[in-house]
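# Examining the three-dimensional arrangement
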Amino acid sequence: MPRTKIDTGHKVEYLSILDDQNKLDKELEPDISEERLLELYRTMLFGRRFDERMLNLQRQGRIGTFPPIKGQEAAQMGAVFHLRPKDWLVPAFRETAAEIWRGRSPASVLLYYNGFNEGTIIPMEQRDMPMAVPVGSQILHAVGLAYAAKYRGTDEVVMTFFGDGATSEGDFHEGLNCAAVYQAPVVFICQNNHWAISIPLQKQMHTATIAEKAQAYGMPGIQVDGNDVLAVYAAVEEACTRARNSDGPTLIECVTYRVMMHTTADDPSRYRSEEEVAVWQKKDPLPRFETYLEEKGLLDATGRDDLEDKVQQQIQEAVDAAEKQMKELGDPIYMFDHLYEQLPPYLQRQKEELEMRLQAKKKEADHG
Amino acid sequence: MAKMTMVQALNLALRQEMAKDDGVVLLGEDVGPDGGVFRVSDGLIDEYGEERVIDTPLAESAIVGMAIGMAVYGLKPVCEMQFSGFAYQAFHQLENHAARLRWRSQGRLTVPMVMRAPYGGGVRALEHHSESREAYWAHTPGLKMVIPSGPRNARALLLSAIRDPDPVIFYESKALYRAFREEVPEEEETMPIGTSQMVREGNDLTLIAYGAMLQPTLEAAAELAKDGIQAAVIDLLTIAPLDDSLMIESIRQTGRAVVVHEAPRSFGPGAEIITRLMESAFYYLEAPIQRVTGYDLIIPYFSREKLYMPDVKRILEAARATQIQ
């Protein structure tokens, strides 16, 4: 018997609860209270409107480059909605709605995208990492946090986000492998949005799914319709329960689509067709969830208008707060603070050097 | 006091700090039952168990990346890179995250971790096992870079590194691991990071070295004394944040200096040290400052590595070149 087949017993599961025609699979419908359903909708709507407003601000030159999240609200909100305050969120950089729901202020998002360090300060009580720009590198931090949480005997869960492109990074492999070896309580959320800047999924990998990669690490993996917030919610609920019960990590592939550009500095017309985008626009997670809520009698036109007004008002407050704050964040000398707990003498000298330059500049301005 | 090799002294530091603080965990390749390939963690898994002495998959980026997560959580991870030549697989974790999290979060999240790594030539090792690349880490704002020169200061500095609130890269010279023994007190002893030490007084010349280069530098100083030249010898101990106070004070007396390191010459620590001396003691200089270093080469395979490494003879030549009147 020189060659035999090893049956690993693995098939990749796919989960969808609200189908393309918005037909609900009643049997799979997750049990979510009315209050939480509306909260979930509000945060998704906020994510959408804030994203749209940021695009305007960027085009007006009032903030710098940023990565829009439009179309991915269900994938991130359906997942992060399971985290308790004592759990940890380890985001990449396209989880703005999730970060805001966890407690990051929208004003800090604006500060960050306008080039102010103050935009990555995490509130003291919040157990989140700041967004990570180097692709995939944050995955390992989640595993370390989870190892520590397990070592300390807690039931805390760590949730980390990344995209389809990140699965090509070595840190994805190292992170999933280590999490499985240590049975660390991590929930890996892959927002498969089909594009890594200009590289489509089929140039990123040669597997049919991302979820099947879980098999190679010996952990459960599932693919869900990432534009169906109920499917994301249900799959992540299972994963969080598994993690809390010390049954190890899970990989969840949320199939979604980046309907906007990679960042505002990117021009997708160079590499993809409008027809392709149009197909996905029809699967927009927001109207799909609205229809579900309407059919449940939880939302009507008036309710939606009220919510829209509230969200727009909150966004305006955030923009006003950020623009006011930016004017008051005057002193750039703080860039020397917090590099180390204590500033070494040579850095103290460099700080004084900048202080003198700032004073000279101020004097010049005063006399000019 | 017991006489210990550097390996035993490092083991003592880890053993005592693990007993004292249950947040201290070790992670790396073969650190468990094997005790690390140099035996620095010998026996620790028996005392503290596999939850705290963590054998990792063969994945350097994971070792450092997970340590970052653990440190943010509140543990005090001590990572072992089996050889510093393999640490580059974790470079992005240190540069992009460990070094930056305190600054990015303005003090909210900190990374009190240590990355230990054997470095340097002179032990007839295979390729990728003999480099001296401390400048990479010293060049990275937010990291600290420490290199002890003997068993006693290795133990004291490792304790300080574990307790340091910031990430510390801790290079251990393989050539020194078992080269000699020193008295190491059983009771706890720490040394401040960021402080150099005057290990020999002298008014004619300032010799600056660290790590494995301290011994040949001290030997050269003894030779010079026979000719009536009294050389001060400064042991840096910390490469970054560099303590330039002692060396500036010394060169203001001697007017002459030689910097010794086995790292390649260009953009090496010597370049920074000499610039600091120029900036703060230019008018005291009596002769051009010399540096004795590895060549700007990949360190040759071991049959020829001696030609690459600074030795007593090269240090003496440089020292004498500074004695122009």
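Residues numbered from 1 in each chain as written. Chains lettered and ligands numbered in written order. Predicted model: local features only at pLDDT ≥ 70, side-chain atom pairs only at ≥ 80, totals over all residues. Heavy atoms only, no water.

Take the domain arrangement of chain A next. Entries for chain A in the domain assignment read domain 1 (13-328) and domain 2 (332-367). With centres defined by C-alpha atoms, the gap from domain 1 of chain A to domain 2 of chain A works out at 39 Å. (Domains from an automatic or database assignment.)

In this section: the interface of chain B and chain A. Each partner contributes to the interface: chain B provides 47 residues, whereas chain A provides 44 residues. Buried surface at the junction of chain B and chain A, both sides included, amounts to about 3,800 Å², of which 60% is carbon and sulfur. The largest share of the area that chain B buries against chain A comes from B:Y73, B:R104 and B:R108, three residues that together contribute 21% of it. For the pair chain B and chain A, the interface holds two salt bridges. In this assembly, chain B and chain A are joined by 26 residue pairs in polar contact (both at pLDDT 80 or more). Put simply, the parts of the chain that give the side of chain B that touches chain A at least two residues each are β3 (53-55), α3 (60-73), α4 (91-98) and α5 (101-104) of chain B. Among the elements that make up the side of chain B that touches chain A, the one with the highest residue count is α3(B) (ten residues). Each residue belonging to the side of chain B that touches chain A can be placed in one class, and the counts come to 20 nonpolar, 14 polar and 13 charged. (Contact = heavy atoms within 4.5 Å. Buried area = accessible area lost by both parts, 1.4 Å probe. Salt bridge = Lys/Arg side-chain N within 4 Å of Asp/Glu carboxyl O. Polar contact = N/O pair within 3.5 Å; in protein donor to acceptor, adjacent residues only side chain to side chain. Helix = DSSP H or I, 4+ residues; strand = E, 2+ residues; numbered from the N terminus. Nonpolar A, V, L, I, M, F, W, Y, C, P; charged D, E, K, R; others polar.)

Residues and elements named next belong to chain B. Counting buried positions over the eight residues of strand β13 (residues 257-264) gives eight, a clear majority of the element. In this sheet, β13 lies alongside strand β10 (residues 205-209) in parallel orientation, the contact comprising three bridges. Bridging across to β13, I208 finds its partner in V259. Bridging between β13 and strand β14 (residues 290-294) involves five bridges; their strand directions are parallel. The residue of β14 that forms the bridge with V258 is Q290. Once the chain exits β13 it traverses helix α11 (residues 269-281) before rejoining the sheet at β14, and the crossover so formed is right-handed. (Buried < 20%, exposed > 50% of the residue type's maximum accessible area, 1.4 Å probe, protein only. Pairing = 2+ DSSP bridges. Right-handed = clockwise from strand over helix to strand, strands pointing away.)

Residues and elements named next belong to chain B. The seven strands are arranged β3-β2-β4-β5-β7-β6-β12 in an open sheet whose pairing can be described as mixed. Edge positions in the sheet fall to β3 and β12 (238-240), since each of these pairs with one other strand and no more. Here the average twist between neighbouring strands, direction ignored, is 20 degrees. Two strands pair when backbone bridges link them, and strand β2 (residues 24-28) and strand β4 (residues 76-80) are joined in this way by five bridges, in the parallel orientation. Paired with V25 across the bridge in β4 is P77. Contacts from helix α1 (residues 6-20) reach β2, β3, β4 and β7 (168-173), with the element oriented near 135 degrees to β2. (Axes fitted to C-alpha atoms, helices over the stretch in contact; angles between N-to-C directions.)

Attention now goes to the packing of helix α6 (residues 170-182) of chain A against α3(B). Two numbers describe how α6(A) lies on α3(B): the axes approach to 9 Å, and their chain directions differ by 70 degrees. In terms of their interaxial angle, α6(A) and α3(B) are classed as roughly perpendicular. When the axes of α6(A) and α3(B) are compared, the crossing they make is right-handed. Contact residues: α6(A) offers A:D171, A:E174, A:C178 and A:Y182, while α3(B) offers B:E60, B:S61, B:A62 and B:M66. Each residue belonging to the contact of α6(A) with α3(B) can be placed in one class, and the counts come to four nonpolar, one polar and three charged. (Parallel < 35°, antiparallel > 145°, perpendicular 65-115°, else oblique. Left-handed = near helix turned anticlockwise from the far one by under 90°.)

Taken as a whole and judged by the stated rule, the model has 21 aromatic pairs over all chains. Counting every residue linked through ring pairs, the aromatic cluster contains B:F38, B:F83, B:F86 and B:Y177. Taking the ring centre of A:W280 as reference, the NZ or CZ of A:K283 above it sits at 4.0 Å. (Phe/Tyr/Trp six-rings, centres within 6.5 Å; stacked < 30°, edge-to-face > 60°. Lys NZ or Arg CZ within 6 Å of the ring centre and 35° of its normal.)

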